[in-house]
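# Coordinate analysis (summary)
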Amino acid sequence: MRRSLILGVGSALPERVMTNEDISKIVDTTDDWIVERTGIRQRRIACEGETTRSLGAAAARAALAHASVDAAEVDLVIVATSTPDRTFPATATQIQSDLGITRGAAFDVQAVCSGFVYALTTADALMRAGQSNCALVIGSETFSRILDWNDRGTCVLFGDGAGAVVLKAGEGKGTVADRGILASRIRADGRYADKLYVDGGPSTTGTVGHLRMEGREVFKHAVTNISSVMEETIEASGLKPSEIDWFVPHQANRRILEGTAKKLGISEDKIVITLDRHGNTSAASVPLALDAAWKDGRIKPGQLVLMEAMGGGFTWGAVLARL
Ligand code: UT7
């Protein structure tokens, strides 16, 4: 059976660190409130010249180096982002060009915070269908550029960054002992579009707009949606939650990711948490967390990793892979 193997991971973060203390000089908030309600202590903010494209290309280069794969082998580039450099062309085509790749396909996926899970699922499907042999899946965002820096309910939550993985086609026996992506599920329910959205766009206002969120409403749906899609994904693979080695969740809120892990009976020491350092980096948060735990030696080859995310739309999903 054809499988998509995850061979390497990489990330890139802007130089500039913004602490909760720094934010408390911009809006009426405190370090205590942000830490207690979210777990976030600091985030990175892109400076002039740092963009979704530049961060995404840097993360992709790091992932290729980690996987010992040459850019010339890549025949598919997917970028998950809601903050592209331009409305079009897709940021993926620009990163493809930055890496000197001139063949195959390149496109963006827009599923907000679930973007990386959507992109990974899409790349896996194309790879298993024989349309790609080597793919770069990138999550890259500069949410600082769509935040309303007067709205304390949202501007304290997000940060900028990028993460990427390299996938290569391989053969497996079709069992859970195979390496590669074992199962994934993606979901959407557009009735909730007005709970988390950007109030601008090319076809409506002709502007970029600002992020708007009813935080408490999103929170309410997050734990339920994420746990159900995680359960479905694990069940589809034939494994049990207790067999998962590492839980690599979207980094939106510490209370959400601990709540979902608890619901599935995944113990706290298996959760990879980076939101204290990165904040919520939307589509970049899962690959940024995967990079942190793989590079510091916690995640080892052969282990089972469960990734999940939920975001605007609403969209949500999960991917289970053996590294
Ligand atoms: O990645 C996409 C998915 N996004 C998410 O998953 C985000 C989900 N939502 C959340 O993480 C949480 O709802 C938040 C962290 C956004 C907010 O936490 P909360 O516990 O739901 O707080 P709240 O919105 O109910 O606000 C509680 C109080 C309010 O004051 P009153 O009305 O009780 O007097 C807010 O005005 O906290 C106030 N508040 C703040 N205070 C200090 C809101 N933002 C701040 C702030 N600093 N930054």
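Per chain, residue numbering runs from 1 following the sequence as it is written. Two thresholds apply to this predicted model, a pLDDT of at least 70 for residue-level local features and 80 or more for giving and counting side-chain atom pairs, whereas whole-chain, interface and lining totals are computed over all residues. To get the side-chain values, all heavy atoms of the structure are used, and hydrogens and water are removed first.

## Here's the deal with the nonpolar core
Within this scheme, the nonpolar core is defined by two criteria: the residues are buried Ala, Val, Leu, Ile, Met, Phe, Trp, Tyr or Cys, and they are joined through side-chain atoms within 4.5 Å. Each residue is assigned to one of three classes by its accessible area relative to the maximum for its type, calculated with a 1.4 Å probe on protein chains only: buried under 20%, partly exposed between the two thresholds, exposed over 50%. Ranked by internal contacts, the top residues of the largest apolar core, which has 43 residues, are V156, M230, F247, I266, L306 and M310. Among the elements of the structure, α7 (215-237), α8 (254-264), β12 (304-311) and β13 (315-322) are those that each provide at least two residues to this core. Under the DSSP-based scheme used, a helix requires at least four consecutive residues in state H or I and a strand at least two consecutive residues in state E, with every element numbered from the N terminus. The biggest single contributor to this core is α7, with seven residues. Taken together, domain 1 (2-171) and domain 2 (180-322) each give at least three residues to this core, which thus spans both. Discounting chain neighbours no more than four positions away, the residues touching F247 are M230, L257, T260, A261, I266, K270, I271, V272, L306 and E308. One finds V9, A111, V248 and A283 within the second-largest nonpolar core, a separate group that totals 35 residues. Boundary definitions for the domains trace back to an automatic or database domain assignment. Should any heavy atoms of two residues lie within 4.5 Å, those residues are considered in contact.

## Structural notes on the sheet that holds strand β1 (residues 2-12)
At least two DSSP bridges between two strands are required for those strands to pair. Strand order in the open sheet formed by five strands is β1-β7-β6-β4-β5, and the pairing between neighbours is mixed. With partners counted over all chains shown, the strands left at the sheet margins are β1 and β5 (105-109), one partner each. Neighbour-to-neighbour, the strand axes of the sheet open up by a mean angle of 20°, direction not taken into account. In this sheet, strand β7 (residues 160-171) lies alongside β1 in antiparallel orientation, the contact comprising 10 bridges. Directly across from L5, in β7, lies its bridge partner K168. Lines are fitted to the C-alpha atoms to define the axes, a helix being fitted only along its stretch in contact, and any angle between axes, read from their N-to-C directions, falls within 0 to 180 degrees. Taken strand by strand, helix α4 (residues 91-98) contacts β4 (76-80), β5 and β6 (134-142), and its axis lies near 135° from that of β5.

## Examining the domain arrangement of the protein chain
We note that the domain assignment places domain 1 (2-171) and domain 2 (180-322) within the protein chain. Domain 1 and domain 2 are separated by 14 Å when their C-alpha centres are compared. At the junction of the two partners, domain 1 supplies 52 residues and domain 2 supplies 49 residues. Here the quantity called buried area is the total loss of accessible area, with a 1.4 Å probe, experienced by two parts when brought into contact, counted for both. In total, about 4000 Å² of surface goes out of reach between domain 1 and domain 2, with carbon and sulfur atoms giving 66% of it. Its largest share of buried area at the contact with domain 2, domain 1 owes to C113, Y118 and I146, together 16% of the area lost on that side. Just to be clear on terms, a salt bridge is a Lys or Arg side-chain nitrogen sitting within 4 Å of an Asp or Glu carboxyl oxygen. The closest approach of N and O atoms between D148 and R212, which form a salt bridge, is 2.9 Å. For the side of domain 1 that touches domain 2, the elements supplying multiple residues, two or more each, are β1, α2 (31-38), β3 (42-44), α5 (115-128), β6 and β7. The greatest single-element share of the side of domain 1 that touches domain 2, amounting to 10 residues, is contributed by β1. When residue character is reported, Ala, Val, Leu, Ile, Met, Phe, Trp, Tyr, Cys and Pro are called nonpolar, Asp, Glu, Lys and Arg charged, and the others, Gly included, polar. Here the residues of the side of domain 1 that touches domain 2 sort into 24 nonpolar, 19 polar and nine charged.

## As for the pairing of β13
Within β13, eight of the eight residues are buried, which leaves it mostly tucked inside the rest of the structure. Side chains of β13 alternate between two faces, with T315, G317, V319 and A321 and W316, A318, L320 and R322 buried alike. Pairing geometry for strand β8 (residues 180-188) and β13, over eight bridges, is antiparallel. Along β13, the bridge assignment pairs A188 with T315. As paired strands, β12 and β13 are joined by eight bridges and run antiparallel to one another. Within β13, the position partnered with M310 by the bridge is W316. Hairpin connection from β12 to β13: three residues lie between these consecutive antiparallel strands, with G313 at a positive phi of about 140°.

## Some remarks on the environment of A65
Locating A65 in the fold gives a position in helix α3 (residues 52-67). Residue classification places A65 among the exposed positions, given a relative accessible area of 58%. Spatially, the C-alpha atoms of A65 and V166 are 9.7 Å apart, while their sequence positions differ by 101 residues.

## Brief notes about the packing of α7 against α8
For the pair α7 and α8, the least separation of the axes is 9 Å and the interaxial angle reads 40°. When the axes of α7 and α8 are compared, the pair comes out oblique. Seen from above, α7 lies across α8 with right-handed handedness. Of the residues in α8, those touching α7 at F219, A222, V223, T224, I226, S227, M230, E231 and I234 are R255, I256, G259, T260, K263 and L264. In terms of residue class, the contact of α7 with α8 is made up of eight nonpolar, four polar and three charged. An angle below 35 degrees is treated as roughly parallel, one above 145 as roughly antiparallel, one from 65 to 115 as roughly perpendicular, and anything else as oblique. When the near helix sits turned anticlockwise from the far one by under a right angle, the crossing is termed left-handed; a clockwise turn instead gives a right-handed crossing.

## Examining the environment of N150
Within the element layout of this structure, N150 appears in the loop between β6 and α6 (152-155). Exposure remark for N150: the relative accessible area of 70% places this residue in the exposed category. Taking the C-alpha atoms as reference points, N150 and D28, separated by 122 residues in sequence, lie 9.1 Å from one another.

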